[in-house]
Amino acid sequence: MTTTTTPPAKAPAKKRGALSERWNNLSRVQQWGVLVPLVVLIYFLPVLNPPILTTQPGYDFPIAMFEVARYALVAIGLNVVVGQAGLLDLGYVGFFAIGAYVMALFTSPDSSLSHLPFLVVLPIAMVVTMIFGVILGTPTLRLRGDYLAIVTLGFGEIVRLLADNVDPLRGNSGFKEVGHPPGTNADGSPLFNNSNGIPWYWLCVTLIIAVLFLVGNLERSRVGRAWVAIRDDEDAAEIMGVPTFKFKIWAFISGAAIGGLSGALYAGQLGFVNNQKFDVVTSMLFLAAVILGGSGNKVGVILGACVVAYVPLRFQAIAEYKYLIFGVALIVLMIFRPQGLLGARQRLLAYGRQAYQRLLGRGEQISSDGALQTEPTPGSKP
């Protein structure tokens, strides 16, 4: 009696055409060869004013690009808290407001404090916001989930109400003639002014690149791996020896610093700060940018910020429906692509590219979860 064996089923062919996989399989030098021209193009976008992308005549295009860059900087900071450490922060606008008010208090003639140069106040705004991050995080980060979300939401409202009721913060009257970076045009007028968005955009993009380098190094360090462990399972991380409370505080501090920086830039470009610009709706838009782009992915949240900030300015006719549109978009994403437009990376290793090439023969992957998954080879057991 002879027996026949059924040959093992062949694994489905791997789709090598995916853009993310092609990118991850490139060497570092090849990636830089693509990134450098792309960054140059991004810098010159306000000058080129492409007809397809332009927001004119409805909205000044260079200022629109600054708004997009500002949202991108905010999204990067919020992504550290929400995407990397997994802490649901609904009051991030509070840190943004603190940075704006610090800039106004130290540069506006309406303030009684000593006036300092804009570039000196930028790091001061970050430090003050970090202090408030510690003040908020120390008593609240022992909470989780919905409870933490409620507390952070309250923090954002407390900052706005304090600005309305504390006399030195001037409530609705606000601060006028907020300071700006140095520099003059050929005719003697200030280089950084409210009507010219190009220098503000260049400054913001430069800061975004610097922040991306710093945040990227943090992600690949022990701190970043601790954040991912906390995000995936805080109890398991605690059992494995990760001091979760300390690293959650670090996430709050890092995110707060970036939020304060973006708020200070916003105050300088607008030239006016009052309590009407820092409501809950603005905080929800910040969070929508992170979720829409892909929580945990730096490039993804920048893409989400571009969508959230650019679409209402590009299509003025639908600007009043932006909250409805983004709400529907988030619902659709949660159904069909819960990881966002770009998912979080599956790993955070200093030499992850080499490790993946040796283990799997391909670059690191992007997925909706944090698990390391390998595709079965023909004849292998599942």
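Use the structure listed above.
Here goes a summary of the coordinates provided. What you see as residue numbers is a count from 1 along each chain, following the sequence as written. For this predicted model, a pLDDT threshold of at least 70 governs which residues receive local features, and a threshold of 80 or more governs which side-chain atom pairs are given and counted, while totals over whole chains, interfaces and linings are taken from all residues. Side-chain metrics rest on all non-hydrogen atoms present in the structure, leaving aside hydrogens and water.

**Considerations on the overall build of the chain**
Heads up, the rule is: Elements are defined by DSSP. Helices are runs of H or I of four residues or more, strands are runs of E of two residues or more, and each kind is numbered from the N terminus. Here, residues are in contact when the closest pair of their heavy atoms is within 4.5 Å. Each accessible area is a Shrake-Rupley estimate made with a 1.4 Å probe; only the visible protein chains count as cover when residues are assessed.
A tally of helices and strands in the chain yields 15 helices and two strands. A separation threshold of at least 6 residues defines the contact pool for the chain, and within that pool the share at least 24 residues apart is 71%. Accessible surface, the chain: about 19,500 Å² in total, of which carbon and sulfur atoms supply 66%.

**What about the pattern of salt bridges?**
Any two side chains of opposite charge can pair if their charged atoms end up close together. The criterion, for reference: Throughout this description, the term salt bridge denotes a Lys or Arg side-chain nitrogen within 4 Å of a carboxyl oxygen of Asp or Glu. Accessible area is worked out with a 1.4 Å probe on protein chains only. A residue is then buried under 20% of its type maximum, exposed over 50%, and partly exposed in between.
Per the counting criterion, the structure on display carries five salt bridges. Measuring nitrogen to oxygen at the nearest pair gives 2.8 Å for the salt bridge that ties Arg160 to Glu157. Of this pair, Arg160 and Glu157 are both found in helix H7 (residues 145-165), three residues apart, which corresponds to roughly one turn of the helix. Under the relative-accessibility criterion, Glu157 is labelled partly exposed at 22%. Across the salt bridge formed by Arg231 and Asp232, the nearest N and O atoms sit 3.6 Å from each other. You can call Arg231 partly exposed: its relative accessible area is 25%.

**Examining unusual backbone geometry**
For the bond running from Gln56 to Pro57, omega is 5°, close enough to zero to count as cis. Of note, Pro57 is situated in the loop between helix H3 (45-48) and helix H4 (61-84). With a phi close to 50°, Asn49 is a non-glycine residue in the positive phi region. Looking at the secondary structure, you find Asn49 in the loop between H3 and H4. Here the phi dihedral of Glu177 falls at roughly 55°; this positive angle occurs in a residue that is not glycine. Of note, Glu177 is situated in the loop between strand S1 (175-176) and helix H8 (197-219).

**Description of the side chain of Ser262**
With respect to the helices and strands, the residue Ser262 is situated in helix H11 (residues 244-270). Accessibility expressed as a relative area gives 1% for Ser262, which makes it buried. Here Ser262 is in contact with Arg70, Leu73, Val74 and Phe96, once residues within four sequence places are set aside.

**As for the environment of Ala257**
Along the chain, the position of Ala257 falls in helix H11. Ala257 gets classed as buried once you look at its relative accessible area, which sits at 9%. Linking Ala257 and Met130, residues 127 residues apart in sequence, is a C-alpha distance of 5.3 Å. Setting aside its immediate chain neighbours within four residues, Ala257 contacts Met126 and Met130.

**Concerning the layout of surface pockets**
The condition is simple: Think of a 1 Å grid over just the protein atoms. A cavity is a set of points where a 1.4 Å probe fits yet cannot get out, a pocket is an open set with protein on both sides within 12 Å along at least five of seven lines, and lining residues have an atom within 4 Å of a point. Grid points are joined across faces, edges and corners, and a volume is the space filled by probe spheres set on the points. Just so you know the grouping, Ala, Val, Leu, Ile, Met, Phe, Trp, Tyr, Cys and Pro go in nonpolar, Asp, Glu, Lys and Arg go in charged, and all remaining residues, Gly too, go in polar.
There is about 540 Å³ of room inside the second largest pocket. What lines the second largest pocket is a set of 24 residues, and nearest its centre among them are Glu67, Arg70, Tyr71, Tyr266 and Lys322. Broken down by secondary-structure element, the contributors of at least two residues to the lining of the second largest pocket are H4, H11, helix H12 (280-293), helix H13 (298-314) and helix H14 (322-336). When grouped by side-chain class, the residues that make up the lining of the second largest pocket number 15 nonpolar, four polar and five charged.

**Digging into the packing of aromatic side chains**
Basically, it comes down to this: By convention, a stacked pair of Phe, Tyr or Trp rings (six-membered ring in the case of Trp) has centres within 6.5 Å and planes under 30 degrees apart, an edge-to-face pair has planes over 60 apart, and any other such pair is tilted.
Under the criterion given, the structure shown has 14 aromatic pairs. Look at Phe95 and Phe252: their rings are 5.9 Å apart centre to centre, the planes differ by 85°, and that puts the pair in the edge-to-face class. One end of the pair, Phe95, is in helix H5 (residues 93-107); the other, Phe252, is in helix H11, with 157 residues separating them in the sequence. Considered together, Phe95 and Phe252 belong to a single accessibility category, that of buried residues. Considering the side-chain rings of Phe118 and Trp200, the 5.9 Å spacing of their centres and the 80° angle between planes classify their relative orientation as edge-to-face. Residue Phe118 is located in helix H6 (residues 118-140), and its partner Trp200 is located in helix H8; the two are separated by 82 residues in the primary sequence.

**So, the nonpolar core**
Worth spelling out the cut-off: Put simply, buried Ala, Val, Leu, Ile, Met, Phe, Trp, Tyr and Cys residues joined by side-chain atoms within 4.5 Å make one nonpolar core.
Of all hydrophobic cores here, the largest spans 88 residues; its most connected members are Leu73, Met103, Leu265, Val273, Phe278 and Phe286. No other element matches the 15 residues that H4 contributes to this core. For Leu265, the residues in contact, after removing those within four places along its chain, are Phe66, Leu73, Phe118, Leu122, Trp200, Leu203, Cys204 and Leu207.

**Details of helix H9 (residues 222-232)**
Note on helix geometry: an α-helix contains 3.6 residues per turn, so any two residues three or four positions apart are oriented the same way. Of the positions making up H9, those classed as buried are Gly224, Ala226, Trp227, Val228 and Ile230. For H9, the secondary structure elements touched by its buried residues are H4, H8, helix H10 (234-239) and H11.

**Considerations on the packing of H5 against H6**
Describing two packed helices takes the angle between their axes plus the distance from one axis to the other. We count it as follows: Fitting a line to C-alpha atoms yields each axis, with helices limited to the stretch in contact; the angle taken between N-to-C directions then spans 0 to 180 degrees. Reported orientations rely on four angle classes, namely roughly parallel under 35 degrees, roughly antiparallel over 145, roughly perpendicular from 65 to 115, and oblique for the rest. For any helix crossing, the convention is left-handed if the near helix is rotated counterclockwise from the far helix by under a right angle, and right-handed if that rotation is clockwise.
Contact geometry of H5 with H6 gives a least axis separation of 9 Å together with a crossing angle of 140°. Looking at the two axes, H5 sits oblique to H6. Here H5 runs over H6; the crossing is right-handed. Residue-level contacts link Phe95, Ile98, Gly99, Val102, Met103, Phe106 and Thr107 of H5 to Phe118, Val121, Leu122, Ile124, Ala125, Val128, Thr129, Phe132, Gly133 and Leu136 of H6.

**Brief notes about a nonpolar patch on the surface**
Applied cut-off: The residues that make up patches have over 30% relative accessible area and no salt bridge, and they are joined within 9 Å when like-charged or within 5 Å when they are Val, Leu, Ile, Met, Phe, Trp or Tyr.
Together, Trp32, Val36, Leu38, Val40, Leu41, Ile42, Phe44, Val47, Leu48, Trp202 and Phe213 make up a nonpolar patch on the protein surface, roughly 990 Å² of accessible area in all. Secondary structure elements with two or more residues in the nonpolar patch: helix H2 (28-43), H3 and H8. Looking at where Val40 falls in the secondary structure, it is placed in helix H2.

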